[in-house]
Each structure stands twice: as C-alpha cells, then as structure tokens.
Amino acid sequence: MGLPTPDTAHLARPEYASVYEPAEDTYLLLDALENDRAELQALRPAVCVEIGSGSGCVSAFLGQVLAPHRALIVSTDINAAASAATRETAARAAPAAVLEQCRTRFAQALDGRLRGGVDVLLFNPPYVVTPADEIDSTPEASAWAGGRDGREVLDALLPQVAGLLAPAGRFYLVAIEENKPDEIVRIMAAHGLAGRRVLSRRAGREHLSILRFARSPAAC
Ligand SMILES: C[S@@+](CC[C@H](N)C(=O)[O-])C[C@H]1O[C@@H](n2cnc3c(N)ncnc32)[C@H](O)[C@@H]1O
C-alpha cells in the first residue's frame, strides 16, 4: 500500500489563499520519492532541503519516505504564507522527521551552512512559460510564473546545485517539456552532475517529468 499523502486541508483557510495547492506536478514528485524509497533510506540522509515548499506536502511526505530514519528536512519558500502552511502541514504529519521552514529565496539564507552538505535536494519550481514580468509579480504568480521557457527562476538555481549537494547527494526536479529537460540535463552536466528523467506523466496539457541528478552517473 502506498504512503498517505500529507493532510493539507488547512490550505482552505483564507490566510493560505496564495499558497500553491498540491496538484499533479506535486503528486508526480511524491511518486518519484516513493519509487526511490529503498535507495533514499539506504542513503541515510542527514540533511534534506526542499526549495519552494508551498503547502509543505512534499517535505512532509519525504519524512514519511525516510521513516524510521529521521533526517533534518529544511524547507524554504519566498511566500510567507507558504512558510506558515508548511509549518502547519509538518505539525499535522506524523513526526517522522525534523522539519524546519525558512523564508528565503532558494536556499540563500542557509547557503554557507548547507554548502556540500545536502543529501537530498527537491525543487518543484514555477515552470509555466510566461512573460518575464509575471515572475514574482504576486505571491500566487511566484508559484507558477517561470518566464522564458518557464526556466528563468530555475536557471538561477542550477549553477548552485552542485555546490549544495553532499558527495552522494541527489537532486529531484519537476519539469515540463517547454522547460527543455534535455537542455537542463546538459547544463547540469557542465556543472558536474549527471541526470536523467526518472518519471513522466501527462496531466491535461502538461507533459510532466521528474529529473534526478547526482555526481555519479550510476546514482542519477
Ligand atoms: C509549483 S509551486 C510548488 C509547491 C510545492 N513544492 C508543491 O510541489 O506542491 C512553487 C513554489 O516555489 C516557491 N518559489 C518560487 N520562487 C522561489 C524562489 N526563488 N525561492 C524559494 N521559493 C520559491 C513559490 O512560492 C511556490 O510555493
């Protein structure tokens, strides 16, 4: 039987109106993590980071995937309401992990401390193709507006990923076809990380994929 999806019923409250509700992209990432459960547990991660946690559904789920192993899971988001929602989701979820939330862009506020120490890094970015000026135009738009190729937010993170990851660390990324996943894989290769699609699914007009990256081609 599959792991339960974390309870995010509190997102119906008005203070969370700007928070991204878990959707097909979220669920594909959950499925990729559950598929990799044995490998992720074998990794015995100490520090996991989710950038852009929104509801906190993915971070809380990662805690379940790793249980009974307990890891520190640090979630970040630029939306204050998302930070609060993530804290509430974590409090409702079984305390399978130590979940901390930090309101910051990417992992900037923690970068120096996390450098070379992140065992599992997750990002479901704002990936929709939009005019550049929609990016971060509202808290709601921050959840989906990705600018040119839906890549402008993601492209600012990609050069930082290898520096954040621990030697055996893994990076899971959500992408759609318009984001040019093969080009993302080539960019990451130039930064020393091997990557490939591990899961794909069509959801309405979106062709979603999960890309997984690691230093060793055998681990990606
Ligand atoms: C597509 S939503 C994903 C939410 C959640 N992780 C999920 O899978 O359901 C993208 C999230 O990233 C956040 N975000 C956008 N740009 C960000 C940035 N530069 N740094 C941190 N968070 C960001 C948004 O506020 C939003 O919560």
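Residues numbered from 1 in each chain as written. Predicted model: local features only at pLDDT ≥ 70, side-chain atom pairs only at ≥ 80, totals over all residues. Heavy atoms only, no water.

Under the annotation held in an unreviewed UniProt entry, the protein chain carries the name HemK methyltransferase member 2 and is attributed to Coemansia javaensis. The UniProt entry for the protein chain carries the following text under Subcellular location (unreviewed entry): "Nucleus". In its Sequence similarities (unreviewed entry) section, the UniProt entry covering the protein chain states "Belongs to the eukaryotic/archaeal PrmC-related family." (UniProt positions renumbered as here; feature names shortened; annotations may be inferred.)

Looking now at the pairing of strand β6 (residues 194-203). On a regular strand, one side chain projects to one face of the sheet and the next to the other, so that they alternate. Of the strand pairs in this sheet, β6 and strand β7 (residues 206-214) are connected by nine bridges, and their pairing is antiparallel. Each residue of the ladder has a partner; that of R197, found in β7, is L211. Counting the residues that bridge the hairpin from β6 to β7 gives two residues, and of these G204 lies at a positive phi of roughly 60 degrees. (Pairing = 2+ DSSP bridges. Helix = DSSP H or I, 4+ residues; strand = E, 2+ residues; numbered from the N terminus.)

Around the ligand sit 20 residues, and of these T26, E50, G52, D77 and F106 come closest. Here D77 contributes a side-chain N or O atom positioned 2.6 Å from an oxygen atom of the ligand. Interatomic distance of 2.9 Å between a side-chain N/O atom of N124 and an oxygen atom of the ligand. Relative to its unbound accessible area of 600 Å², the ligand is 99% covered by the protein chains. Secondary structure elements with two or more residues in the shell around the ligand: β1 (47-51) and α6 (141-144). When the residues that make up the shell around the ligand are grouped by side-chain class, the tally is nine nonpolar, eight polar and three charged. (Near = heavy atom within 4 Å. Polar contact = N/O pair within 3.5 Å; in protein donor to acceptor, adjacent residues only side chain to side chain. Areas by Shrake-Rupley, 256 points an atom, 1.4 Å probe, with all protein chains shown as cover. Nonpolar A, V, L, I, M, F, W, Y, C, P; charged D, E, K, R; others polar.)

This brings us to the side chain of N79. Looking at the element boundaries, N79 is found in the loop between β2 (72-77) and α4 (80-92). At 3.1 Å, the side chain of N79 and the side chain of S18 are in polar contact.

Right, let's talk about the packing of helix α7 (residues 152-164) against helix α8 (residues 181-190) for a bit. Where α7 contacts α8, the two axes come as close as 9 Å, and the packing angle between them is 35 degrees. For the element pair α7 and α8, the recorded crossing hand is right-handed. Between α7 and α8, the contacting residues are L154, L158 and V161 on the first element and I184, I187 and M188 on the second. For the contact of α7 with α8, the class distribution of residues is six nonpolar, no polar and no charged. (Axes fitted to C-alpha atoms, helices over the stretch in contact; angles between N-to-C directions. Left-handed = near helix turned anticlockwise from the far one by under 90°. Contact = heavy atoms within 4.5 Å.)

To continue, consider the pattern of salt bridges. Following the criterion strictly, the structure yields 14 salt bridges and no others. With a shortest N-O distance of 3.3 Å, D36 and R170 are connected by a salt bridge. In this pair, D36 sits in the loop between α1 (24-35) and α2 (37-43) while R170 sits in strand β5 (residues 165-176), placing the two residues 134 residues apart along the sequence. Taken as a pair, D36 and R170 share a single burial class, namely buried. Note that R151 and E183 form a salt bridge whose closest N and O atoms lie 3.1 Å from each other. Of the two residues, R151 is situated in the loop between α6 and α7 and E183 in helix α8; the sequence distance between them amounts to 32 residues. Note on R151: relative accessible area 3%, which makes it buried. A relative accessible area of 28% means that E183 is categorised as partly exposed. (Salt bridge = Lys/Arg side-chain N within 4 Å of Asp/Glu carboxyl O. Buried < 20%, exposed > 50% of the residue type's maximum accessible area, 1.4 Å probe, protein only.)

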